[in-house]
Amino acid sequence: AAYFLAINRNKRSVAIDFGRPEGAEIVRRMAAAADIVVENFKTGALRRYGLDYAGLAKVNPRLIYCSVTGFGHTGPYASRGGYDFLVQGMSGLMSITGRQDGEPGAGPVKVGLPVSDLFTGLYAATSILAALHHRDATGEGQHIDCALLDSQVAVLVNQGMNHIVGGLTPGRLGNAHPNVVPYRDFQTSDGHVLVACGNDGQFQSLCRMLGLAETGTDPRFRDNVGRLRDRAELEATLQDAIRTWTAAEFYAAMEKAGVPGGPINRIDQILADPQIEARGLLRRMERRDGTPVTVIGYPAQLSRTPATYRTAPQTLGEDTADILAQFGVDEAERTRLRQEGVIDDRR
């Protein structure tokens, strides 16, 4: 599946039924030699198998054990199952995503990617790195409790602070920005363009480019506070001017004027973009059976330790035999476990 290919680069696949005592014992044996365990089961679900943090810390006190759940291991929602879609709604994210009331198609909309899942994964990775640093200093492992809801609320950032600081309840603004103007999409004669003026100088450059120099120096619009206050009038003026340009002409003029902006690409367009090619973000790999696989690579460019692309996403359970052999499970035992359905090594 595409999702499987997206998340399983550089991983080895081991399939063990830890609902069976023998399977749970194999997992404990592996955890005894592990630095990190990451699990994504409902709160308390692994306790019955002895595979929760308390159980595995007994065999490996240095273990860093990261639990990723919908709502965390404490609080009134701890026992609930959590999914990205639910958390996007519960966290307030969907209340600020979508067209404004009164516009065609108005209503709450989820983001087109499972961002609550992804944000939580990034927080989990950062937390694991912090725990590794602590362990290096003290020798102590620890439990990390990461919740989708907590993570999504944490990344409400300026929208959350708009309420905390100003008592505002942010709403849906379509593609407009709640704190910065102009920062949205505009219609040209042949498509939409994005304009993102992050400071007063960029706004004045945009106005000069559009032949609206007087608008750029108008006291009402000279700073962002005024542009926020009179957003509707300003954006209508800009829209009337931008509508006379083609998208290609507008992009070229923005680049020359130093005004940040760009297109609204489709997925196929951005994956074929020369900037993505230059950054080496698409990586062509090959499975052990010779099947070619193209994956989206790691986005950070590290000068000393660049990301490596060692193993294409493998089939489920493909590495079970090799990994278990490293943990002292010989061929005869693996054969028995395979026949009894405790493991799956695709043989």
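Note: the structure precedes this text.
Residues numbered from 1 in each chain as written. Predicted model: local features only at pLDDT ≥ 70, side-chain atom pairs only at ≥ 80, totals over all residues. Heavy atoms only, no water.

1. Brief notes about the nonpolar core
In this structure, V195, L206, M209, L210, L238, I242 and F250 are the most contacted members of the largest nonpolar core, which totals 22 residues. Of all the secondary-structure elements, those providing two or more residues to this core are β6 (192–196), α8 (200–209), α11 (231–242) and α12 (247–257). Each residue touching L206, except ones within four places of it in the same chain, is listed here: P182, V195, C197, L238, F250 and V259. (Core = buried A, V, L, I, M, F, W, Y, C linked by side-chain atoms within 4.5 Å. Buried < 20%, exposed > 50% of the residue type's maximum accessible area, 1.4 Å probe, protein only. Helix = DSSP H or I, 4+ residues; strand = E, 2+ residues; numbered from the N terminus. Contact = heavy atoms within 4.5 Å.)

2. A word on the pairing of β6
Every regular strand shows the same layout, with side chains that alternate between the two sheet faces. Side-chain alternation along β6 places V193 and V195 on a buried face and H192, L194 and A196 on a face that remains uncovered. Examined bridge by bridge, strand β5 (residues 183–187) and β6 share 5 bridges and lie antiparallel to one another. By the bridge assignment for β6, D185 is matched with L194. Taken together, β5 and the strand that follows it, β6, pair antiparallel across an intervening segment of 4 residues, in which G191 is found at a positive phi of about 155°. With 2 bridges joining them, β6 and strand β7 (residues 261–262) adopt antiparallel strand pairing. Of the residues in β7, the one forming a bridge with V195 is G261. (Pairing = 2+ DSSP bridges.)

3. Some thoughts on helix α2 (residues 21–32)
Here α2 is 12 residues long and its end C-alpha atoms lie 16 Å apart, about the 16 Å a rise of 1.5 Å per residue gives. Turning to α2, its buried residues are G23, A24, I26 and A31. Taken around the axis of α2, the buried residues stretch over an arc of 155°, which confines them to a single face. The inward-facing, buried residues of α2 contact β1 (15–16), β2 (36–39), α3 (53–59), α15 (320–326), α16 (331–339) and β10 (343–344). (Expected span 1.5 Å × (residues − 1). Arc of directions from axis to C-beta.)

4. Structural notes on the packing of α8 against α12
Look at α8 against α12: their axes get within 10 Å of each other, and the N-to-C directions meet at 130°. The angle between α8 and α12 places the two elements in the oblique class. In this structure, α8 meets α12 at a crossing whose hand is right-handed. The residues of α12 that touch α8, namely those facing S205, L206 and M209, are F250, A253, M254 and A257. Among the residues making up the contact of α8 with α12, the classes are represented as 6 nonpolar, 1 polar and no charged. (Axes fitted to C-alpha atoms, helices over the stretch in contact; angles between N-to-C directions. Parallel < 35°, antiparallel > 145°, perpendicular 65-115°, else oblique. Left-handed = near helix turned anticlockwise from the far one by under 90°. Nonpolar A, V, L, I, M, F, W, Y, C, P; charged D, E, K, R; others polar.)

5. Looking at the sheet that holds β7
Strand order in this open sheet of 3 strands is β5-β6-β7, and the pairing throughout is antiparallel. With partners counted over all chains shown, the strands left at the sheet margins are β5 and β7, one partner each.

6. Section: the sheet that holds strand β4 (residues 142–147)
Each strand in a sheet pairs with another by means of backbone hydrogen bonds, the pair being arranged parallel or else antiparallel. Taken together, the 3 strands give an open sheet; going across it, the order is β2-β3-β4, and neighbouring strands pair in parallel fashion. What marks the edges here is a single partner per strand, and that holds for β2 and β4. The mean angle between the axes of side-by-side strands here comes to 15°, regardless of whether they run parallel or antiparallel. Across 6 bridges, strand β3 (residues 64–69) lies against β4 in parallel orientation. Bridge pairing in β4 places Y65 opposite H143. Lying on the sheet, helix α5 (residues 115–138) is in contact with β2, β3 and β4; it crosses β4 at an angle near 165°.

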